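# Per-entry structural report
Listed here are the chains, written in short residue letters.
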Amino acid sequence: QPLAAVSDDFFQRFVYRGCPFVVENCSSTFSLRGRFPQDRSEVEMSCSEMVRALLVVFGLLSHWIITRSTAVVTGPVRFLNLPYDGYIQADAALENPVYRLNSEGIFVPLQVQISNAPPSTRLFTLTGTSGEYDKFRILESKGNVTLKKANPTVNVTTTFTVFGIRRALTGFSDYAFDTTQLTVNVVVKLNAHSPQFSQSFYAGDVSSDAATGYDILTVTATDADNGTSGTVSYSIDSGDDAGLFSLASQSGTLTLVKKITDTSVLLHSLVVKAKDNGVPVRSSSSKVTVRVIVPTTAASTPTVPATRKRSTTVAPTTSEGATTVTSPTTSGSTEGPTT
């Protein structure tokens, strides 16, 4: 738009923002005279030439804008970063975002995304039939989900069907879409922390002849969240295939619950888990090694072989009429018979 104009019967001068051109009107002759600061060169053209040049520039610019705004990328539309599980506190303010957990376990605003669709062609919509779906909205072009009405009901999970549409701005003559499910969990407080074990590694010993009920060691973990979100429970996650051990869910005490009969395995490696009671549930793990100690037995007293019973053998009578008697012998004797 002109910033200033000075007029008389034969002359008009227009000064444009940032443009050093001067437009002159002398009777029926129009001309454009300009001076470029870069090289101080002058340009003159007739009115008709100026109009044609402006039309060409306008046409090229319009084509570029329309091409970019209605560009459609070939290929199917697909949702990215599934699944969409969202969380929001019941006391959240209007337009507060619904959050999701990222791969690092951190809450970030939930944003649905689709592939093969430039930003200007995206259209997102929510539909649902469960409880309070009308209390949430999705930004049509960006995919962010926010709270639309105050005071959503605590502990209610709302399920939506999300439509992700790729469309041309000139109409729906060229479009593609995909659908997926989105859930929003309304909680009293977002569970922001995971339980943390006091040690990353625990070790304990147990005798191979220990009675069942023997307490081996105790693991401990704490959670920085308040209330029920900070309540921790324990369990054995892996490594106890023989079922020898039990981990108390509240105290974290590891106990022998089955007699050890196989002493060929003297080292048991377990993975124990601590989880909290928040929404969503968070957990962490630690390693536990249990060593089986086999007691050494006392040396056995050597035994003396039993002595055989004495026996007498009467030999047949000789030709002279004498009788030969063999004296009794014991096992291992080297003496010969006596006549």
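Just so you know, these numbers come straight off a predicted model, no measurement behind them. (Residues numbered from 1 in each chain as written. Predicted model: local features only at pLDDT ≥ 70, side-chain atom pairs only at ≥ 80, totals over all residues. Heavy atoms only, no water.)

Moving on to the overall build of the protein. Tallying secondary structure elements over the protein gives one helix and 26 strands in all. The proportion of buried residues among the 339 residues of the protein is 29%. Nonlocal contacts in the protein, meaning residues at least 24 apart in sequence, comprise 56% of its contacts between residues at least 6 apart. Total accessible area computed for the protein in this model is approximately 21600 Å², and 54% of it derives from carbon and sulfur atoms. (Helix = DSSP H or I, 4+ residues; strand = E, 2+ residues; numbered from the N terminus. Buried < 20%, exposed > 50% of the residue type's maximum accessible area, 1.4 Å probe, protein only. Contact = heavy atoms within 4.5 Å. Areas by Shrake-Rupley, 256 points an atom, 1.4 Å probe, with all protein chains shown as cover.)

Attention now moves to the confidence of the model for the protein. Within the protein, residue pLDDT values average 76, and 67% of them lie at 70 or more. In the predicted structure, residues 1-43 sits below a pLDDT of 50 and forms 63 contacts with residues beyond four places in sequence or in another chain. Here residues 306-339 is a poorly scored stretch, pLDDT under 50, and it has 22 contacts once near neighbours within four places are set aside; other chains count. (pLDDT = per-residue confidence, 0-100.)

With that settled, consider unusual backbone geometry. In this structure, the amide linkage connecting Leu82 to the following residue, Pro83, adopts the cis form with an omega of 0 degrees. Looking at the element boundaries, Pro83 is found in the loop between β6 (79-80) and β7 (84-89). Omega for the bond connecting Val279 with Pro280 falls within 30 degrees of zero, at 0 degrees, which places this linkage in the cis form. You can see Pro280 is positioned in the loop between β23 (267-276) and β24 (283-293). One non-glycine residue with positive phi stands out, namely Asn81, at about 60 degrees. Relative to the elements of secondary structure, Asn81 occurs in the loop between β6 and β7. The backbone phi angle of Asn116 is positive, close to 55 degrees, even though this residue is not glycine. Checked against the element boundaries, Asn116 lands in the loop between β10 (113-114) and β11 (122-127).

Grouped together as the largest cluster of nonpolar side chains are 23 residues, with contacts concentrated most on Ile88, Val112, Phe136 and Leu182. For this core, the element with the highest residue contribution is strand β15 (residues 171-187), accounting for four residues. With residues up to four places along the chain from it excluded, the contact list for Ile88 reads Asn96, Pro97, Val98, Phe136, Leu147, Val184, Asn185, Val186, Val187 and Leu190. Judged by nonpolar contacts, the second largest core, of 22 residues, contains Ile216, Leu247, Val272 and Val292. (Core = buried A, V, L, I, M, F, W, Y, C linked by side-chain atoms within 4.5 Å.)

With that settled, consider the side chain of Arg166. Relative to the elements of secondary structure, Arg166 occurs in strand β14 (residues 157-168). Of the polar contacts made by the side chain of Arg166, one reaches the backbone oxygen of Asn116; its length is 3.0 Å. (Polar contact = N/O pair within 3.5 Å; in protein donor to acceptor, adjacent residues only side chain to side chain.)

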